[in-house]
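What follows is each chain in one-letter form.
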Amino acid sequence: MDDIVVARALHVLAVVVWIGGVSMATTVALPALRRGDLGPDRLKAFEAIERRFIWQARASVIIVGLSGLYLTWQLDLWDRFRMPAFWWMDAMVGLWLLFTFVLFVGEPLILHRYFHRPATEQPDIAFSWLQRAHWILLGLGLATVFAAVAGSHGWSIF
């Protein structure tokens, strides 16, 4: 059972880093960028922050996915995905899929290609849009963490 304890601890630790990073970006970094607190070149400051955190976020999402899969396999929890009372497990997988797409596809292939121009030509609009997107992701993340913790302790809305 030590492997289960380690897998669960890694899972939770990686979620803390991942969602904590989204919270930091949403509530601290992006507002500072929008106000110009980090210098007049918002795009340069944003890219410096992103470059330092993106690999932490990607590593966290990978650890969450692998540890979640391992726990589901080892504890044989597959049937929970068919039970309404365990809807929060589907929510965890859905959130993981969304962030995996954003971090590994959306950010490098879409954001880098299409954000640079609006961020330099209309930075107020571009960074406002980016912060709104982060608020949505943070809301989904916090709701999923709440539901998963409450659900794993027996709370259910069904």
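Counting of residues starts from 1 at the beginning of each chain's written sequence and follows it residue by residue. The model is predicted, so local features are restricted to residues of pLDDT at least 70 and side-chain atom pairs to those at 80 or more, both for listing and for counting; the totals for chains, interfaces and linings are taken over all residues. Calculation of side-chain values draws on the structure's entire complement of heavy atoms; hydrogens and water are dropped beforehand.

What follows deals with the packing of helix α2 (residues 42–74) against helix α3 (residues 87–114). Two packed helices can be described by the angle between their axes and the distance between those axes. Running from N to C, α2 and α3 point in directions that differ by 145 degrees, and their axes come no closer than 10 Å. Classified by chirality, the crossing of α3 by α2 is left-handed. When α2 is examined against α3, the residues Phe46, Glu50, Ile54, Ala57, Arg58, Val61, Ile62, Val64, Gly65 and Thr72 are found in contact with a partner set consisting of Met89, Trp96, Phe99, Thr100, Leu103, Phe104, Glu107, Pro108, Leu111 and His112. Its residues assigned to classes, the contact of α2 with α3 comprises 13 nonpolar, four polar and three charged. Angles run from 0 to 180 degrees between N-to-C directions of axes, and those axes are lines fitted to C-alpha atoms, restricted for helices to the stretch in contact. Labels follow the DSSP assignment, with helices taken as runs of H or I lasting at least four residues and strands as runs of E lasting at least two, numbered in each case from the N terminus. For any pair of crossing helices, the crossing counts as left-handed if the nearer helix is rotated counterclockwise from the farther one by less than a right angle, and right-handed if it is rotated clockwise. Contacts are assigned to residue pairs that have any heavy atoms within 4.5 Å of one another. Think of it as three bins: nonpolar holds Ala, Val, Leu, Ile, Met, Phe, Trp, Tyr, Cys and Pro, charged holds Asp, Glu, Lys and Arg, and polar takes everything else, Gly as well.

The subject of this paragraph is the environment of Ile125. Within the secondary structure, Ile125 sits in helix α5 (residues 123–152). The exposure class of Ile125 is exposed, given its relative accessible area of 54%. Residues Ile125 and Val6, spaced 119 residues apart in sequence, show a C-alpha to C-alpha distance of 44 Å. Here's how the labels work: a residue is buried when its accessible area is under 20% of the maximum for its type, exposed when over 50%, partly exposed in between, all with a 1.4 Å probe on protein chains only.

Multiply 1.5 Å by the residue count of a helix minus one, and that product is the helix's expected span. Relative to the 48 Å expected for 33 residues at 1.5 Å per residue, α2 spans 46 Å between its end C-alpha atoms, a close match to the ideal helical length. Fitting axes to the seven residues that end at a residue and to the seven that start at it, the angle between those axes gives the bend at that residue. By the largest-angle criterion, Phe53 marks the main kink of α2, which is about 35 degrees. Phi turns positive one or two residues past the end of α2, at Asp76, with a value near 50 degrees.

So, about unusual backbone geometry. Positioned with a positive phi, Asp76 is a non-glycine residue whose angle comes to about 50 degrees. For Asp76, the position within the fold is in the loop between α2 and α3.

This part is about α3. Between its first and last C-alpha, α3 extends only 35 Å over 28 residues, short of the 40 Å set by a 1.5 Å rise per residue. The axis of α3 is deflected most strongly, by about 65 degrees, at Gly106, and proline Pro108 appears within four residues downstream. Of the positions making up α3, those classed as buried are Trp88, Met89, Leu95, Phe99, Thr100, Leu103, Gly106, Glu107 and Leu111. Elements that come into contact with the buried residues of α3 comprise α1 (2–35), α2, α4 (116–121) and α5.

Here we come to the packing of aromatic side chains. We call Phe, Tyr and Trp rings a pair once their centres come within 6.5 Å, taking the six-membered ring for Trp, and we label the pair stacked below 30 degrees between planes, edge-to-face above 60, and tilted otherwise. In the structure shown here, the tally under the stated rule is eight aromatic pairs. Centre to centre, the rings of Phe146 and Trp155 are 6.1 Å apart; their planes meet at 75 degrees, and the pair counts as edge-to-face. Note on Trp155: relative accessible area 42%, which makes it partly exposed. Taken together, the aromatic side chains of Phe46, Phe115 and Phe127 make up a single cluster linked through ring pairs. Look at NZ for Lys and CZ for Arg. If either is within 6 Å of the ring centre and within 35 degrees of the ring normal, a charge sits over the ring. Positioned above the aromatic ring of Trp55 is the side chain of Arg58, whose terminal nitrogen or guanidinium carbon lies 4.6 Å from the ring centre. The lysine or arginine in question, Arg58, covers the ring of Phe104, its NZ or CZ lying 5.6 Å from the ring centre.

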